[in-house]
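These are the residues of each chain, in order.
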Amino acid sequence: MGAESYLSLNNESITQRKLLRYWSLKGEIMEINRPASRGVRRAMRRLFITAVVTVLSAVPVLVGALPTASAATLPTWHFKVTVRMAQSTADLNGGLVFALSKTLTQMDTVNHRFNDPGVLKDKTSFEITTFDTYTDRASDELAKPHPAGDFLLIYDENANTGGGWLGDRQAIVHKWPTLQGGSFAPDATDGLVHEFGHSREATDEYACDVDTNPVNGAGYHESPSIMSYPYGVRNWSAYSVGLINADAGTVNTSSALASRYFPPVMRIRALSSTGSNVSHATVTLYPVKWFSLSVTSTPALSGYTDSSGYYKFSSNPFGPGAATPRNPWDLAYCNFLVKVTSGKRTAYQWMSLPAVGSAYFKNPTGTYTLNVKLP
Ligand SMILES: [Zn+2]
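Residues numbered from 1 in each chain as written. Predicted model: local features only at pLDDT ≥ 70, side-chain atom pairs only at ≥ 80, totals over all residues.

Engineer: Where do I start with the environment of Gln-87 in this structure?
Structural biologist: Relative to the elements of secondary structure, Gln-87 occurs in helix H3 (residues 87-92). Taking the number of C-beta atoms within 10 Å as the measure of exposure, Gln-87 has 18 and is therefore partly exposed. Distance from Gln-87 to Thr-135, taken between C-alpha atoms, is 5.7 Å for residues 48 residues apart in sequence. Once residues within four sequence positions are removed from consideration, Gln-87 is found in contact with Thr-133, Tyr-134 and Thr-135. (Helix = DSSP H or I, 4+ residues; strand = E, 2+ residues; numbered from the N terminus. Buried ≥ 20, exposed ≤ 12 C-beta atoms within 10 Å, placed from the backbone. Contact = placed C-beta atoms within 7 Å.)

Now the structure itself:
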């Protein structure tokens, strides 16, 4: 069965949202006070829908009489979100009225997490413009187009698909098992903020981490941020900020933004223990594939520092471009273990995508230099 449309907000404004919330709360109170028999629930739903439709149809008249929202100081990137919720998930969350109210509140939180740190160029606004429930499978809903929304957000605590961001569908499956607190638990909300980060082209920064390293045994972990470990974390990394700002108000870009933004020149600089440049040192790059959490023991490339002590990459080692199957964020690798050897001296350094990408956003025309100091 297809989705059953309960409510559709075509011309949403803050005023409408406030009115809708008011009616949601009224509905919750009524629902609490009545037994949840099937007939009553159906009657409650009808009453609720009638109330919402009445309020929305009255809005053009009311808007003029109500104070307008305070003017935002920043321009706003607006995105429409189509929500489809499994009926079973709505039931687990107290019924349609409760579930709708919780969804609107959670989306408010998502918007706050983008805007409150004050690090983005403009204001982000994800607005729920359609809310439906469904009784078929999450995968069926995911396969359907969502022409009215920039993004599709599926709530399903028992989804038959994996959860997360699906770029080719411009969709998020919010699958948070009931036993882990369900769709609206604090961790679930933190996870949802991370998924919306993907909708703005931010990458999975934890995917560059290393636990297994056959070359020198060292591990690597990105600093905590929403895109590296979202739970209880409120900060966006400099790299994510750069990507979100670059994406601005656009949706559905043809190739991942992460594959487009690199310093024009990238190089390795070999240094002696006293800080002087070392010429003719051997440079070897061991790649880390996305999500592999391991260093590949076969080098991606190697060469020598020049007479000035620099090894300049002749092409981008991260491997941007189309591939079949498509690489995550259209990049072959997201991190490298860089080995520099001169005589009997050897040193290692990491060169991660978030580090190189954030250097680009800090200074788009600047040369990126990774210093590797020999012992
Ligand atoms: Zn992710």
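Engineer: I tried to follow the pairing of strand E7 (residues 266-271) on my own but got confused; where do I start?
Structural biologist: Note on strand geometry: in a regular strand, side chains alternate between the two faces of the sheet. Two strands pair when backbone bridges link them, and E7 and strand E13 (residues 368-373) are joined in this way by six bridges, in the parallel orientation. Directly across from Arg-267, in E13, lies its bridge partner Thr-369. For E7 and strand E10 (residues 310-312), the ladder comprises three bridges, and the chain directions are antiparallel. Within E10, the residue paired with Arg-269 across the bridge is Tyr-310. (Pairing = 2+ DSSP bridges.)

Engineer: Mind showing me how you'd approach the environment of Lys-175 here?
Structural biologist: As for its position among the elements, Lys-175 is in the loop between strand E6 (171-174) and helix H6 (186-199). In the structure, Lys-175 is positioned 14 residues away from Thr-161 in sequence and 8.5 Å away in space, judged by C-alpha atoms.

Engineer: How should I be thinking about the nonpolar core in this particular structure?
Structural biologist: The tendency in soluble globular proteins is for nonpolar side chains to be buried as a group. Grouped together as the largest cluster of nonpolar side chains are 64 residues, with contacts concentrated most on Val-81, Leu-153 and Ile-154. Looking at which element gives the most residues to this core, the answer is helix H4 (residues 96-115), with seven residues. Per-domain counts for this core show at least three residues from each of domain 1 (4-199) and domain 2 (257-373). Among residues more than four places away in sequence, those in contact with Leu-153 are Val-81, Thr-82, Val-83, Ile-172 and His-174. By size, the runner-up hydrophobic cluster in this structure holds eight residues, among which are Ile-268, Tyr-311, Val-340 and Val-372. (Core = buried A, V, L, I, M, F, W, Y, C linked by C-beta atoms within 7 Å. Domains from an automatic or database assignment.)

Engineer: How should helix H7 (residues 238-247) be read in this particular structure?
Structural biologist: The α-helix advances 3.6 residues per turn, and as a result positions three or four apart in sequence lie on the same side. Listed in full, the buried residues belonging to H7 are Tyr-239, Ser-240, Gly-242, Leu-243 and Ile-244. Looking one or two residues past H7, Ala-248 carries a phi angle of roughly 50 degrees, positive in sign.

Engineer: Even after reading the chapter, I still don't get the sheet that holds strand E11 (residues 333-342), so can you show me in this structure?
Structural biologist: Sheets are built from strands that pair by backbone hydrogen bonding, the pairs being arranged parallel or antiparallel. If you walk across this open sheet you meet the four strands as E9-E8-E11-E12, and the pairing is antiparallel. Here the strands that pair on one side only, and so sit at the sheet edges, are strand E9 (301-304) and strand E12 (345-352). Strand-to-strand twist in this sheet, taken as the mean axis angle between neighbours without regard to direction, amounts to 20 degrees. In terms of strand pairing, strand E8 (residues 282-289) meets E11 through eight bridges, oriented antiparallel. Paired with Thr-284 across the two strands is Lys-339, which belongs to E11. (Axes fitted to C-alpha atoms, helices over the stretch in contact; angles between N-to-C directions.)

Engineer: Would you explain the sheet that holds E10 in this entry?
Structural biologist: The strand order E10-E7-E13 describes an open sheet built from three strands, whose pairing is mixed. Either end of the sheet is taken by a strand with one partner, and the two such strands are E10 and E13. Taking each pair of neighbouring strands and ignoring which way they run, the sheet shows an average axis angle of 20 degrees.

Engineer: What is the right way to read the packing of H7 against helix H8 (residues 353-362) from this model?
Structural biologist: To describe two helices that pack against each other, one gives the angle between their axes and the distance between the axes. Closest axis-to-axis distance for the H7/H8 pair is 8 Å, and the angle between their directions is 55 degrees. One way to sum up the angle between H7 and H8 is to call them oblique. In this structure, H7 crosses over H8, and the sense of that crossing is left-handed. Contact residues: Ala-238, Tyr-239 and Gly-242 in H7; Pro-354, Gly-357, Ser-358 and Phe-361 in H8. Here the residues of the contact of H7 with H8 sort into four nonpolar, three polar and no charged. (Parallel < 35°, antiparallel > 145°, perpendicular 65-115°, else oblique. Left-handed = near helix turned anticlockwise from the far one by under 90°. Nonpolar A, V, L, I, M, F, W, Y, C, P; charged D, E, K, R; others polar.)

Engineer: Can you help me understand unusual backbone geometry in this one?
Structural biologist: Both trends apply: most residues other than glycine have a negative phi, and most peptide bonds are in trans. Cis geometry is found at the peptide bond from Thr-324 to Pro-325, where omega equals -5 degrees. Take Pro-325: it is sitting in the loop between E10 and E11. Positive phi outside glycine occurs at Trp-329, with the angle close to 50 degrees. Positionally, Trp-329 belongs in the loop between E10 and E11.

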